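Inside the fold
This is what each chain is made of:
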Amino acid sequence: QILGWRAAKQEEALLEIENIIREHRGFVFPDVVETLTELRRRGHTLILLTFGDRGYQKQKITASGIAHLLDEIVITEEDKLEVVRRDREGEPIMFVDDKAEFMKRLGKDAGILTVHICRPEVETSLCEAGTCPAHHEITGIKSLLTLIS
């Protein structure tokens, strides 16, 4: 009801959400599949860390068609930044996100290379000019291919 739907049952509402997700595979930008495929070919370990309701996130990931390109998928209702800080086990990590708020909170944390994807068409990804605290700022994920050898 919060979303303006009048579904009689929770199952009906979930089915409606699933249909919307299936119809709109736009959870990933066009450059994502190509970039993840190339990074895998180069031997990099790819982990998707996503925040939110487990059922909804699973549906999004399935609908996006990228699950097969990832080595691991972590769905958490905890703060993503806390998960990254706690679970890094001394391994080098590159944290890539398009949310300006995460970059501002993580900053240039020791041991974590931060890359902010600042897509001009996505309002939540924008930092004010010169204020992005990430190590690198790029306009699309494909630019990772030049950052990572």
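In this report, the structure presented in the accompanying data block is examined. Values in this document were obtained by computation on a predicted structure and should not be read as measured data. (Residues numbered from 1 in each chain as written. Predicted model: local features only at pLDDT ≥ 70, side-chain atom pairs only at ≥ 80, totals over all residues. Heavy atoms only, no water.)

**Focus: the overall build of the protein chain**
Our working rule: A run of DSSP states H or I qualifies as a helix once it reaches four residues; a run of E qualifies as a strand once it reaches two. Both are numbered from the N-terminal end. Only protein chains enter the accessibility calculation, which uses a 1.4 Å probe; a residue is then buried when its area is under 20% of its type maximum, exposed when over 50%, and partly exposed in between. The contact definition used throughout considers only heavy atoms, calling two residues in contact when any of these lie within 4.5 Å. Shrake-Rupley sampling with a 1.4 Å probe provides the accessible areas, and residues are treated as covered by the protein chains on show and by no other component.
The helix and strand inventory of the protein chain stands at six helices and five strands. Element order for the protein chain, N to C, with α for helix and β for strand: α-α-β-α-β-α-β-α-β-β-α. Taking all 149 residues of the protein chain together, 35% fall into the buried category. The contacts in the protein chain between residues at least 6 apart in sequence include a share of 50% that link residues at least 24 apart. When the accessible surface of the protein chain is totalled, it reaches about 9600 Å², and 52% of it is carbon and sulfur.

**Description of helix 3 (residues 54-64)**
Note the following rule: For this quantity, the arc is that covered by the directions from the helix axis to the C-beta atoms. Whenever two N or O atoms come within 3.5 Å, that pair is a polar contact, provided that in protein one can donate a hydrogen and the other can accept it, and provided that, for residues adjacent in sequence, both atoms are side-chain atoms.
Among the residues of helix 3, Gln57, Ile61, Ala63 and Ser64 are the ones counted as buried. Summarising the axial view, the buried residues of helix 3 lie within an arc of 165°, below the 170-degree limit, and thus occupy one face. The distance from a side-chain oxygen at the start of helix 3 to the backbone nitrogen of Gly55 is 3.2 Å, and the residue carrying that oxygen is Asp53. Note on helix 3: the residue one or two positions beyond its end, Gly65, has a positive phi of about 75°.

**As for the pairing of strand 2 (residues 72-76)**
Quick reminder of the rule: Strand pairing is assigned whenever DSSP identifies at least 2 bridges connecting the two strands. The crossover handedness rule: strands pointing away from the viewer, path from first strand over the helix to second strand clockwise, crossover right-handed.
The sheet contact formed by strand 1 (residues 47-51) and strand 2 spans five bridges and is parallel. Looking across to strand 2, one finds that Leu49 is bridged to Val74. For the crossover that starts at strand 1, traverses helix 3 and ends in the parallel strand 2, the hand is right-handed.

**Let's talk about the nonpolar core**
Selection rule: Here, nonpolar core refers to any group of buried Ala, Val, Leu, Ile, Met, Phe, Trp, Tyr and Cys residues whose side-chain atoms link them within 4.5 Å.
Of all hydrophobic cores here, the largest spans 15 residues; its most connected members are Val32, Leu36, Leu39, Ile66 and Leu144. At the level of secondary structure, the elements contributing two or more residues to this core comprise helix 2 (30-41), strand 4 (112-117) and helix 6 (144-147). A per-element tally of this core places helix 2 first, with three residues. Every residue in contact with Leu144, bar those within four places of it in the chain, is listed here: Leu39, Met94, Val96, Val115 and Ile138. Counting residues in hydrophobic clusters, the runner-up holds eleven residues, among them Phe95, Met103, Ile112 and Cys132.

**Points about the sheet that holds strand 3 (residues 93-97)**
Basically, it comes down to this: Structural elements are reduced to axes, namely lines fitted to C-alpha atoms, with helices fitted over the stretch in contact, and the angle between N-to-C directions of any two is expressed from 0 to 180 degrees.
The three strands lie next to each other as 3-4-5, forming an open sheet whose pairing is parallel. Every other strand in the sheet has two partners, leaving strand 3 and strand 5 (136-138) as the edge strands with one partner each. Strand-to-strand twist in this sheet, taken as the mean axis angle between neighbours without regard to direction, amounts to 20°. As defined by bridge partners, strand 4 adjoins strand 5 across three bridges and the pair is classed as parallel. Bridging across to strand 5, Ile117 finds its partner in Ile138.

**A word on helix 2**
Turn by turn, an α-helix covers 3.6 residues, leaving residues three or four places apart pointing in a common direction. Looking only at helix 2, the buried set comprises Asp31, Val32, Thr35, Leu36, Glu38 and Leu39. Take helix 2 and look down its axis: the buried residues cluster within an arc of 165°, on one side only. Among the exposed residues of helix 2, those oriented more than 90 degrees off its buried face are Pro30 and Arg41. In the stretch just after helix 2, Gly43 is the one whose phi turns positive, near 90°.

**A closer look at the environment of Pro133**
When you line up the elements, Pro133 lands in the loop between strand 4 and strand 5. A C-alpha to C-alpha distance of 8.6 Å links Pro133 and Thr114, two positions 19 residues apart in sequence.

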